[in-house]
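Remarks on the overall topology
Here's the letter readout for the chains.
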Amino acid sequence: MSRAGGPLEKHRSQLDAVGVLLGAAVADVRVRLTDGRACEVPGRVLDLHHVWDFYRTRFMLRHVRAYRRFLDVADELAWETYGPVVRLPGARPKEPPLVGFSRAASPRAHRRGGAYHDLLPRGGIHTPEGRAAAARLPFPVIDVPWSFGSHLPALLTVAHESAHHIDDDCGLGTEIRERVAGAPLAPDRRAHWVRWAGEAFADVCAAVLCGPAYAAVLADLLDSGDGECGDGGESGVDERDFDGPHPPPAARLRLAAAAARLAGHPDAQAGDVEDDKDNAYGQEAAVVARALTTGGWSGLHGLSLAGLLVPERASAGATVSEGARRLLAGGPSRCSSAAGVLAAAALAFRCDPTAYDRRDVGERAVTEVLALRASGTRAGAGPEPPDEQRHSSTHGAAGLAVLAALDAVEESTHR
């Protein structure tokens with residue numbers, strides 16, 4: 001299925017990673033069949049199916065037409081965001097993020113090597129060994145709410161979640177915090193923005209790639225109905241409610257608007273959210289956006305975020321605002337990237353929701369994105385053989401760790 005021309009050809013590296021991970025476990029099962037431990041095999045096989053189910057359900061949804069097209073487009077945007085990292089010179093083999101649905105109310109990024117404890121059987125993890133073994137996700141995963149499947153504009157948030165995976169896989173955390181800490185902010189404000197630095201980086205990346213449409217989508221998703229996201233909304237915000245990684249909504253919107261403008265998007269000046277000088281968050285957001293978009297990153301081989309994320313072919317197509325008008329008129333957007341087409345669809349919805357539905361803009365945008373996909377498997381820089389072998393060994397070790405976890409859980413249930 002993952003061979004060239006197969007229904008899952010875009011997921012070959014991900015399926016290979018899962019195959020290696022579970023292959024080590026299957027080999028262990030075969031040994032148990034011959035060394036006197038055959039009685040342990042039936043329960044073990046069921047446990048492995050339980051682990052495999054995490055991956056199986058995500059891949060099988062791509063065989064259901066009602067979901068396949070949406071997930072293919074989501075994967076395309078994730079690849080357009082993350083793919084440039086895979087193509088960096090000397091990059092180790094890195095499977096791109098896999099997008100799936102979840103019951104969560106908002107999108108979530110699950111990092112490579114992250115934990116997925118709930119998949120292990122018999123009530124979860126009971127030992128330190130089990131907890132350690134469950135922290136071995138072989139490739140990044142992005143979950144979006146099921147409701148996104150019927151509202152294409154919300155898909156732009158996949159670019160934000162993919163940026164978290166760029167941060168994780170390129171080890172940018174320290175560099176991100178140093179850039180924000182070095183920005184010309186008031187001392188009492190700097191601590192807030194350093195705490196929010198990781199989420200700020202993801203918002204900036206999404207805005208650099210998708211332009212002002214990302215801020216428009218974010219405004220819709222963050223709108224609580226009490227005006228919090230609107231002009232001056234920050235006056236009613238108690239920042240003690242934002243002592244975690246996310247900035248307040250008004251700050252995020254102005255950050256995204258500033259980043260889109262600094263990245264040179266031709267439509268940025270016409271965005272819904274302005275980083276106005278009379279707005280405290282607008283001033284701070286502009287400073288932080290500039291700190292994150294100016295100059296090259298050592299973790300990205302000296303590239304700036306615009307140099308990494310903005311595809312060269314994007315300049316050959318229509319602007320996003322032109323694409324939105326064409327979509328509302330019943331034609332194709334003629335944007336030349338997945339991010340451009342999806343951003344045009346988002347702006348079309350923002351401009352005229354009724355015409356968006358009447359003209360079936362979402363479905364036509366999906367068709368346009370899929371027509372832009374290159375044929376064949378995902379292509380990155382060719383990995384060096386030692387790196388490829390080390391990568392495979394890591395997945396194999398993860399498979400053995402899963403088995404150790406199953407042993408640990410089974411022993412704990414019999415105590």
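Our structure is the block above this text.
1. Details of the overall build of the protein
Broken down by element type, the protein carries 17 helices and three strands. Considering the protein as a whole, with its 415 residues, one finds that 53% of them fall into the buried category. In the protein, once contacts between residues fewer than 6 apart in sequence are set aside, the share between residues at least 24 apart is 74%. Total accessible area on the protein stands at roughly 18,200 Å², and carbon and sulfur atoms take up 52% of it.

2. Re the packing of aromatic side chains
Two measures describe an aromatic ring pair: the distance that separates the ring centres and the angle between the ring planes. Tallying each qualifying case throughout the model produces eight aromatic pairs. Residues Tyr67 and Trp146 carry aromatic rings whose centres are separated by 5.4 Å and whose planes lie at 70 degrees to one another, so their mutual orientation is edge-to-face. With Tyr67 in helix 3 (residues 65–86) and Trp146 in the loop between strand 3 (141–145) and helix 5 (157–170), this pair connects stretches of sequence that are 79 residues apart. The exposure class of Trp146 is partly exposed, given its relative accessible area of 40%. Look at Phe201 and Trp297: their rings are 5.5 Å apart centre to centre, the planes differ by 65 degrees, and that puts the pair in the edge-to-face class.

3. A look at the sheet that holds strand 2 (residues 108–110)
Strands sit in the order 1-3-2 across an open sheet of three strands; the sheet is mixed. For this open sheet the edge positions go to strand 1 (98–102) and strand 2, each flanked by a neighbour on one side alone. The average angle at which neighbouring strand axes cross in this sheet is 30 degrees, direction not considered. By the bridge criterion, five bridges tie strand 1 to strand 3 in an arrangement that is parallel. Within strand 3, the residue paired with Phe101 across the bridge is Val144. Where helix 3 meets the sheet, it contacts strand 1 and strand 3, and its direction lies at approximately 130 degrees from that of strand 1.

4. Examining the pairing of strand 3
Remember that side chains alternate between the two faces of the sheet whenever the strand is regular. Counting buried positions along strand 3 yields five of five residues, so the element is predominantly enclosed. Neither face of strand 3 is exposed, since Val141, Asp143 and Pro145 on one face and Ile142 and Val144 on the opposite face are all buried. As defined by bridge partners, strand 2 adjoins strand 3 across three bridges and the pair is classed as antiparallel. Bridge pairing in strand 3 links His110 to Val141.

5. Section: the side chain of Glu76
On the secondary structure map, Glu76 appears in helix 3. When near neighbours in sequence (up to four residues on either side) are disregarded, Glu76 contacts Ala338, Val369, Arg373 and Arg378.

6. Comments concerning the nonpolar core
In summary, soluble globular proteins display a tendency toward joint burial of nonpolar side chains. Among the nonpolar cores identified, the biggest contains 93 residues, and Leu152, Leu156, Ile166 and Trp193 are the most heavily contacted of them. Element by element, the count of residues in this core is highest for helix 8 (residues 197–210), at 11 residues. Apart from residues no more than four positions distant in its own chain, Trp193 is found in contact with Val180, Leu185, Ala200, Pro247, Ala251, Leu255, Glu284, Ala285 and Val288. Leu8, Leu22, Val51 and Leu98 belong to the second largest nonpolar core, which has 14 residues in total.

7. Side note on the packing of helix 3 against helix 5
For the pair helix 3 and helix 5, interaxial distance at closest approach is 9 Å and the crossing angle is 30 degrees. Between helix 3 and helix 5, the crossing angle belongs to the class labelled roughly parallel. Crossing of helix 3 against helix 5: the hand is right-handed. Contacts between helix 3 and helix 5 pair Ala74, Leu77, Ala78, Thr81, Tyr82 and Val85 from the former with Val158, Ala159, Ser162, Ala163, His165, Ile166, Asp169 and Cys170 from the latter. Split into classes, the residues belonging to the contact of helix 3 with helix 5 amount to 10 nonpolar, three polar and one charged.

8. A few points about unusual backbone geometry
Of note in the backbone geometry, His301 takes a positive phi value of approximately 55 degrees without being a glycine. Summarising the element assignment, His301 is placed in the loop between helix 11 (280–293) and helix 12 (305–309). Phi is positive for Asp360, which is not a glycine, with a value near 55 degrees. For Asp360, a relative accessible area of 42% gives the class partly exposed.

9. Describing the pairing of strand 1
Of all the five residues making up strand 1, five are buried; the element is thus mostly covered by neighbouring parts of the structure. Alternating positions in strand 1 separate into two faces, Leu98, Gly100 and Ser102 on one and Val99 and Phe101 on the other, with burial throughout.

10. So, helix 1 (residues 12–34)
With 23 residues, helix 1 ought to run about 33 Å at 1.5 Å a step, and its terminal C-alpha atoms sit 32 Å apart, in line with that. Those residues of helix 1 lying buried are Gln14, Leu15, Ala17, Val18, Leu21, Leu22, Ala24, Ala25, Asp28, Val29 and Arg32.

The rules behind the values
Residues numbered from 1 in each chain as written. Predicted model: local features only at pLDDT ≥ 70, side-chain atom pairs only at ≥ 80, totals over all residues. Heavy atoms only, no water. Helix = DSSP H or I, 4+ residues; strand = E, 2+ residues; numbered from the N terminus. Buried < 20%, exposed > 50% of the residue type's maximum accessible area, 1.4 Å probe, protein only. Contact = heavy atoms within 4.5 Å. Areas by Shrake-Rupley, 256 points an atom, 1.4 Å probe, with all protein chains shown as cover. Phe/Tyr/Trp six-rings, centres within 6.5 Å; stacked < 30°, edge-to-face > 60°. Pairing = 2+ DSSP bridges. Axes fitted to C-alpha atoms, helices over the stretch in contact; angles between N-to-C directions. Core = buried A, V, L, I, M, F, W, Y, C linked by side-chain atoms within 4.5 Å. Parallel < 35°, antiparallel > 145°, perpendicular 65-115°, else oblique. Left-handed = near helix turned anticlockwise from the far one by under 90°. Nonpolar A, V, L, I, M, F, W, Y, C, P; charged D, E, K, R; others polar. Expected span 1.5 Å × (residues − 1).

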